[in-house]
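The lines below spell out each chain.
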Amino acid sequence: MTWYADLIESIESTTSFIRRKFKNAKFEVVRQYGREDSIIRESRFVLDGKNLVTNKVIIPIDNPSDFLQLINKKEMTIGDIIERKGFRVEKYVRSHGESSKHYTIKGDVFMEIFEEYFEDG
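Structure report, in brief. (Residues numbered from 1 in each chain as written. Predicted model: local features only at pLDDT ≥ 70, side-chain atom pairs only at ≥ 80, totals over all residues. Heavy atoms only, no water.)

**Side note on helix H2 (residues 14–21)**
For the α-helix, the turn length of 3.6 residues means that residues three or four positions removed from each other point alike. All of the buried residues in H2 are Thr 14, Thr 15, Phe 17 and Ile 18. Buried residues along H2 cover an arc of 165° about the axis, so they all sit on one side. Between a side-chain oxygen at the N-terminus of H2 and the backbone nitrogen of Thr 15 the separation is 3.2 Å; the capping residue is Ser 13. (Buried < 20%, exposed > 50% of the residue type's maximum accessible area, 1.4 Å probe, protein only. Helix = DSSP H or I, 4+ residues; strand = E, 2+ residues; numbered from the N terminus. Arc of directions from axis to C-beta. Polar contact = N/O pair within 3.5 Å; in protein donor to acceptor, adjacent residues only side chain to side chain.)

**So, the environment of Phe 114**
Assignment of secondary structure puts Phe 114 in strand E6 (residues 111–117). Expressed as a C-alpha distance, the spacing of Phe 114 and Thr 104, which sit 10 residues apart in the sequence, is 8.8 Å. Apart from residues no more than four positions distant in its own chain, Phe 114 is found in contact with Thr 54, Asn 55, Lys 56, Ile 58, Lys 101 and His 102. (Contact = heavy atoms within 4.5 Å.)

**Side note on the packing of helix H3 (residues 65–73) against helix H4 (residues 78–85)**
Running from amino to carboxyl end, H3 crosses H4 at an angle of 140°, the nearest separation of the two axes being 10 Å. Between H3 and H4, the interaxial angle falls into the category oblique. Relative to H4, H3 is oriented so that their crossing is right-handed. Seen from H3, the contacting residues are Asp 66, Phe 67, Leu 70 and Ile 71; seen from H4, they are Ile 78, Ile 81 and Lys 85. (Axes fitted to C-alpha atoms, helices over the stretch in contact; angles between N-to-C directions. Parallel < 35°, antiparallel > 145°, perpendicular 65-115°, else oblique. Left-handed = near helix turned anticlockwise from the far one by under 90°.)

**Structural notes on the environment of His 96**
With respect to the element layout, His 96 can be found in strand E4 (residues 89–96). Residue class for His 96 comes out partly exposed when judged on its relative accessible area of 40%. Through-space distance from the C-alpha of His 96 to that of Glu 116 is 9.6 Å; in sequence the pair is 20 residues apart. If we skip the residues at most four places from it in the chain, His 96 touches Ile 8, Glu 9 and Lys 101.

**Some details on the sheet that holds E6**
Strand order in the open sheet formed by 6 strands is E1-E2-E3-E6-E5-E4, with antiparallel pairing between adjacent strands. Taken across any chain shown, the strands that pair with only one partner, and hence form the sheet edges, are strand E1 (26–34) and E4. Within this sheet the neighbouring strands show an average axis-to-axis angle of 20°, counted without direction. Two strands pair when backbone bridges link them, and E1 and strand E2 (residues 38–47) are joined in this way by 8 bridges, in the antiparallel orientation. From the neighbouring strand, Gln 32 faces E2, where its bridge partner is Arg 41. The strands that H3 touches are E1, E2, strand E3 (50–60) and E6; relative to E2, the one it contacts most, it runs at about 50°. Most of the contacts of H4 go to E3, to which it runs at about 60°, and overall it touches E2, E3, E4, strand E5 (100–107) and E6. (Pairing = 2+ DSSP bridges.)

Right, dumping it as structure tokens:
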């Protein structure tokens, strides 16, 4: 069984799951750029130089300004921002594969997330 098997269909925060399972994992924003109506963030969790998770997040710009300010700083995971600010959200898994998941977050903030998981982590 892969380390991410329980995460594939779960609505648990990926950030919480990674931090619980891999204490030394590091978060990195790989690339972030704006479009007319959204911010695109590509990030990853890395352990010992190897990718655990990569993701692409589409964040509409009509989200709350305090949320977008923290996104633009590129320092925190989305899960940490949601927790720190106390935003109430629900996660909906739209589809998943053997090593990937596509989901949306709706509530006080909203976005669409595509994640890919790697076994070598």
